[in-house]
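# Descriptive structure summary
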Amino acid sequence: MIKMKVLIDTNILIYREDDSVIQECLSKMFRLFNSIPISVYIHPASLEDIRRDKDQKRHDIIFSKTKVYPHFPNPPDPFIDQSFIQQVGPIKSENDRVDIRILYALYREGVDYLITEDMGIHKRASQIGIGDRVFSIYDSLDFFNTYIIEKPITIVP
């Protein structure tokens, strides 16, 4: 079976790795990922996002925990693809630049799915025709539950 590649957005990383109680749905999602053939990556742009965090304590905590995740290798550069940049709309902030880089990894098929709670990313993904591959945490639970391989039940006479 082919292993799916999933990219988690910075907000998912922060929800999971900051110093607060983890959301139950997020726990379920990562438990589900442990039961199916899936690789979870973070994008190098997420590290840039975390570096800009002005809360030094949170920055240090989360940044230290990013080492647990494989980083998406050699991400393609969206800013040399003018057609893509025109499709995704205006880039107004550093956060937008990070979002565009993460979204481009999905657009170029470097990963199969993206999980984010960022509605701006969901909107841009829909604009460029890949909205069906971008999930919220709850949507990912519904979608990836279909990949659980159930063991066949054998009835012994």
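This section reports on the structure supplied with the text. (Residues numbered from 1 in each chain as written. Predicted model: local features only at pLDDT ≥ 70, side-chain atom pairs only at ≥ 80, totals over all residues. Heavy atoms only, no water.)

## With respect to the environment of tyrosine 113
Counted only if it meets this: Helix and strand assignments come from DSSP, with helices taken as H or I runs of at least 4 residues and strands as E runs of at least 2, each series counted from the N terminus. We call two residues contacting when some pair of their heavy atoms lies within 4.5 Å.
Structurally, the position occupied by tyrosine 113 is in strand S3 (residues 113-115). C-alpha separation for the pair tyrosine 113 and proline 70, spaced 43 residues apart in sequence, amounts to 15 Å. Not counting the four nearest positions on each side in its chain, tyrosine 113 is found in contact with Met4, Lys5, Val6, Leu7, Leu106, Arg133, Phe135, Phe143, Phe144 and Tyr147.

## A closer look at the pattern of salt bridges
Definition in use: Definition used for salt bridges: Asp or Glu carboxyl oxygen within 4 Å of a side-chain nitrogen of Lys or Arg. Note on classification: 1.4 Å probe, protein chains only; a residue is buried when its accessible area is under 20% of the maximum for its type, exposed when over 50%, partly exposed between these limits.
Scanning the entire structure with this criterion turns up six salt bridges. Two residues, arginine 101 and glutamate 48, come together in a salt bridge whose shortest N-O distance is 2.8 Å. Taken together, the residues span a long stretch of sequence, with arginine 101 in helix H6 (residues 94-107) and glutamate 48 in helix H3 (residues 44-51) at a distance of 53 residues. The partly exposed category is assigned to glutamate 48, whose relative accessible area is 32%. Salt-bridge contacts for glutamate 109 lead to arginine 133; the nearest nitrogen and oxygen are separated by 3.7 Å. Note that glutamate 109 is positioned in the loop between H6 and S3 and arginine 133 in the loop between helix H7 (119-127) and strand S4 (134-135), a separation of 24 residues in sequence.

## Notes on the pairing of strand S1 (residues 4-8)
Keep this limit in mind: Only strands joined by at least two bridges in the DSSP assignment are considered to pair.
Most of S1 sits out of view: four of its five residues are buried. Relative to strand S2 (residues 38-42), S1 is paired through five bridges, and the arrangement is parallel. Bridge pairing in S2 links lysine 5 to serine 39. Relative to S3, S1 is paired through three bridges, and the arrangement is parallel. Residue pairing across strands places leucine 7 opposite leucine 114, the latter belonging to S3.

## Some thoughts on helix H8 (residues 137-145)
To keep things clear, this is the line we draw: Summarising the geometry, the arc corresponds to the directions from the helix axis toward the C-beta atoms.
Those residues of H8 lying buried are Ile137, Ser140, Leu141 and Phe144. Looking straight down H8, one finds that the buried residues subtend no more than 105 degrees of arc, so they occupy a single side. Exposed and oriented more than 90 degrees from the buried face of H8 are Tyr138 and Asp142. Elements that come into contact with the buried residues of H8 comprise S1, helix H1 (10-17), helix H2 (24-33), S2, S3 and S4.

## A few points about the packing of aromatic side chains
Stated precisely, the cut-off is as follows: For Phe, Tyr and Trp, where Trp contributes only its six-membered ring, two rings pair if their centres lie within 6.5 Å, and the inter-plane angle classes them as stacked under 30 degrees, edge-to-face over 60, or tilted in between.
Tallied over the full model, the rule gives twelve aromatic pairs. Consider the rings of phenylalanine 30 and phenylalanine 33, whose centres lie 5.7 Å apart with planes at 70 degrees: the pair is edge-to-face. Pair noted here: phenylalanine 30 and phenylalanine 33 are both in helix H2, with a separation of three residues, about one helical turn. Judged by its relative accessible area of 9%, phenylalanine 30 falls in the buried class.

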